[in-house]
Amino acid sequence: MPIMIQLFLVMPIMISVIRKRPVWGVLSIFIINALFEFIINIVPFRAGIYRLIIVRYLFLLAMGAFLRVMKGKKLQARYLFLSLVIGLTYICVTNYFRLSDGTYTWSLFKYWQSTAFPVAFYIFPIFYLLLQKFSDVQIKTCFGTFMQKIGSMTWYIYCVQMLYFLIFYEICGLKYLLFEIPLICEFAVSFLLCIVGGWGLYSLEKLVRNVSLFFVNQLHSKL
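None of these values were measured; they are calculated from a predicted model. (Residues numbered from 1 in each chain as written. Predicted model: local features only at pLDDT ≥ 70, side-chain atom pairs only at ≥ 80, totals over all residues. Heavy atoms only, no water.)

### Quick word on the nonpolar core
Inclusion rule: We define a nonpolar core as any set of buried Ala, Val, Leu, Ile, Met, Phe, Trp, Tyr and Cys residues linked to one another through side-chain atoms lying within 4.5 Å. Throughout this description, buried means an accessible area under 20% of the type-specific maximum (1.4 Å probe, protein chains only), exposed means over 50%, and partly exposed covers the range between. Here a strand is any run of E in DSSP of at least two residues, a helix any run of H or I of at least four, and the numbering for each starts at the N terminus.
Ranked by internal contacts, the top residues of the largest apolar core, which has 24 residues, are Ile 18, Phe 59 and Met 63. Mapped by element, the contributors of at least two residues to this core are α1 (2–20), α2 (22–42), α4 (58–69), α5 (77–96) and α6 (120–134). Ranked by residue count, the leading element in this core is α4, at eight residues. Grouped together as the second largest cluster of nonpolar side chains are eight residues, Met 153, Cys 194, Ile 195 and Tyr 202 included.

What follows is the structure in structure tokens.
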């Protein structure tokens, strides 16, 4: 939840900057993210606090905003290929080149090195090509309609997910009960509870909004 609150504050500014100057905006955010990681490397910093700071995700978010801004525009294949090579190289170095004790031979970041912001270089060209190819495609089936509905409720599902894993799973000890069943069944239970709960929260919010709007309209008509 702290990440989401920070996201609401940061994202509008980031999108505004990238919309005005896409390349320089992304480059500036890359530098900010890199400087942040450099500071984390040299200054004592708790991992629990580090993971809740939005700055570590800035470049990933910037690449997503860049994708949105560049929708419908062509990017040269050599830049996409270069981005893919940089991302793959980073992933290979940080995941497969390790010492026998499990430590990294290339230690660039202090925490969560294998999922740090350079991974965005690998993700970006893949999503760019997918969006170029399928952004206007509509799956006119029951499954397609269902997935579109789920996509419109991601915020509600996220809220239920946070409540479920923080309160019921951890504090109330539901995880100990779920440990008794196979992992795939535990995943299915958690997944379905979050989806159904998110759908319920979405429906409740919609109902409250409609009822509130009805009473407001009734009040205006009497004034």
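### Let's talk about the packing of aromatic side chains
The condition is simple: Geometry of aromatic contacts follows a simple scheme: Phe, Tyr and Trp rings, the Trp one being its six-membered ring, pair when their centres are within 6.5 Å, and the pair is stacked under 30 degrees between planes, edge-to-face over 60, tilted otherwise.
Applying the stated rule across the entire model yields nine aromatic pairs. Taken together, Phe 30, Phe 59, Phe 117 and Phe 121 form an aromatic cluster joined through their ring pairs.

### Things to note about the confidence of the model for the protein chain
Worth spelling out the cut-off: Each residue carries a pLDDT score, the predictor's own confidence in it, on a scale running from 0 to 100.
Residues of the protein chain with pLDDT of at least 70 account for 87%, and the chain-wide mean is 80. Taken element by element, the predicted model of the protein chain shows its lowest mean pLDDT in helix α9 (residues 174–178) (66) and its highest in α2 (88).

### Observations regarding the pattern of salt bridges
Side-chain pairs of opposite charge can arise where the charged atoms are in close proximity. Where we set the bar: The salt bridge criterion pairs a side-chain nitrogen of Lys or Arg with a carboxyl oxygen of Asp or Glu, the two atoms within 4 Å.
Applying the stated criterion across every chain, the model contains one salt bridge. Arg 209 is the partner of Glu 205 in a salt bridge, and the nearest nitrogen-oxygen pair spans 2.6 Å. Taken together, the residues Glu 205 and Arg 209, both in helix α10 (residues 183–222) and four residues apart, mark about one turn of the helix. Exposure remark for Arg 209: the relative accessible area of 46% places this residue in the partly exposed category.

### A word on the environment of Ile 3
To keep it simple, the criterion reads: The contact criterion used throughout is that any non-hydrogen atoms of two residues lie within 4.5 Å.
Looking at where Ile 3 falls in the secondary structure, it is placed in helix α1. Ile 3 gets classed as partly exposed once you look at its relative accessible area, which sits at 21%. With sequence-adjacent residues up to four places away left out, Ile 3 is seen in contact with Arg 51, Leu 52, Ile 53, Ile 54 and Tyr 57.

### As for α4
As a reminder of what qualifies: Given a helix with a known number of residues, its expected span is that number minus one, times 1.5 Å.
Taking 1.5 Å as the rise per residue, α4 with 12 residues should run 16 Å; its terminal C-alpha atoms sit 16 Å apart, in good agreement. For α4, the set of buried residues is Leu 58, Phe 59, Ala 62, Met 63, Ala 65, Phe 66, Leu 67 and Val 69. If you follow the buried residues of α4, they end up packed against α1, α2 and α6.

### Topic: the environment of Ile 42
Examined against the element boundaries, Ile 42 turns out to sit in helix α2. Since its relative accessible area comes to 55%, Ile 42 is described here as exposed. Along the primary structure Ile 42 and Lys 110 are separated by 68 residues, whereas in three dimensions their C-alpha atoms are 9.1 Å apart.

### Some points on the packing of α5 against α6
Here is the rule we go by: Between N-to-C directions, angles cover 0 to 180 degrees, with each direction set by a line fitted to C-alpha atoms, over the stretch in contact for helices. To sort the angles, those under 35 degrees are grouped as roughly parallel, those over 145 as roughly antiparallel, those from 65 to 115 as roughly perpendicular, and the leftovers as oblique. Crossing handedness is defined as follows: a turn of the near helix away from the far one that is anticlockwise and smaller than a right angle gives a left-handed crossing, while the clockwise case is right-handed.
Interaxial distance between α5 and α6 falls to 6 Å at its minimum, and their mutual angle equals 140°. The orientation of α5 with respect to α6, classified from their angle, is oblique. Here the hand of the crossing between α5 and α6 comes out left-handed. Taken together, the residues of α6 that come into contact with α5 (itself represented by Leu 80, Ser 83, Leu 84, Ile 86, Gly 87, Leu 88 and Ile 91) are Phe 121, Tyr 122, Phe 124, Pro 125, Ile 126, Tyr 128 and Leu 129.

### Side note on the side chain of Arg 56
For clarity, the cut-off: The positive count covers Lys and Arg only, the negative count covers Asp and Glu only, and His and the chain ends enter neither. Polar contacts, as used here, are pairs of N or O atoms within 3.5 Å; protein pairs need one atom able to donate a hydrogen and one able to accept it. Residues neighboring in sequence count only if both atoms are side-chain atoms.
Looking at where Arg 56 falls in the secondary structure, it is placed in the loop between α3 (47–50) and α4. Buried within the structure, Arg 56 lacks any salt-bridge partner; Glu 37 is the closest side chain of opposite charge, at an N-O distance of 5.0 Å. For Arg 56, the side chain forms a polar contact with the side chain of Tyr 57, separated by 2.6 Å.

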